[in-house]
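# Summary of the model geometry
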Amino acid sequence: MLYQLAQRTTIPRRYFSIDRVFCNEAVDRTHLAEFHQIEGVVFDRGLTLNDMTRVLNDFFERLGMKNLRFEPTCNPYTEPSMEIYSYHEGLKEWVEVGNSGMIRPEMLLQMGLPEDVTCIAWALSLERLTMILYGIDDIRDLFGHKVYTH
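What counts as what
- Residues numbered from 1 in each chain as written.
- Predicted model: local features only at pLDDT ≥ 70, side-chain atom pairs only at ≥ 80, totals over all residues.
- Heavy atoms only, no water.
- Helix = DSSP H or I, 4+ residues; strand = E, 2+ residues; numbered from the N terminus.
- Pairing = 2+ DSSP bridges.
- Axes fitted to C-alpha atoms, helices over the stretch in contact; angles between N-to-C directions.

As annotated in an unreviewed UniProt entry, the protein is phenylalanine--tRNA ligase from Papaver nudicaule.

Shown next, in the form of structure tokens:
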């Protein structure tokens, strides 16, 4: 899909989606095997890691979440890469809410983009955001026949 998006001629380009995804995870109070993923990809000239953290901080702040932490990580398609954490008051711990990074330049060149174009990308878990915003201690409470409102 990124290749198809890269074939369009206008810069900057911004794409966002919400999809249902599967992840090979053991289900527990903060993990689901299937969840909704909020994704963003921005192509532009001269984008930096600072631009990505600014966009993500703005996104989370608009949701009312200001207590964020970014930690370096290793992803196959992005470098540098960062996991995004938010503090969950009920659990009294930092919970990973997403992953992000700069798409590797060699991938962008393979897509036919000019050398001066960079790309920031991120993927966030809608269910984990919901847990933190509404003080839900167990992500499994969001699905199934035992779902209730707080």
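Attention shifts here to unusual backbone geometry. A cis amide bond, omega 0 degrees, links Glu79 with the succeeding residue Pro80. Note on placement: Pro80 falls in strand β4 (residues 78-88). Residue Lys92 is not a glycine yet carries a positive backbone phi of 55 degrees. With respect to the helices, strands and loops of the structure, Lys92 is situated in the loop between β4 and β5 (93-103).

Glancing now at the sheet that holds strand β1 (residues 13-22). Pairing in this open sheet of six strands is antiparallel, and the strands run β1-β2-β6-β5-β4-β3 from one edge to the other. Lying at the two open borders of the sheet, with one neighbouring strand each, are β1 and β3 (68-73). Strand-to-strand twist of the sheet, defined as the mean angle between neighbouring strand axes without regard to direction, takes the value 25 degrees. Pairing geometry for strand β2 (residues 34-45) and strand β6 (residues 117-125), over nine bridges, is antiparallel.

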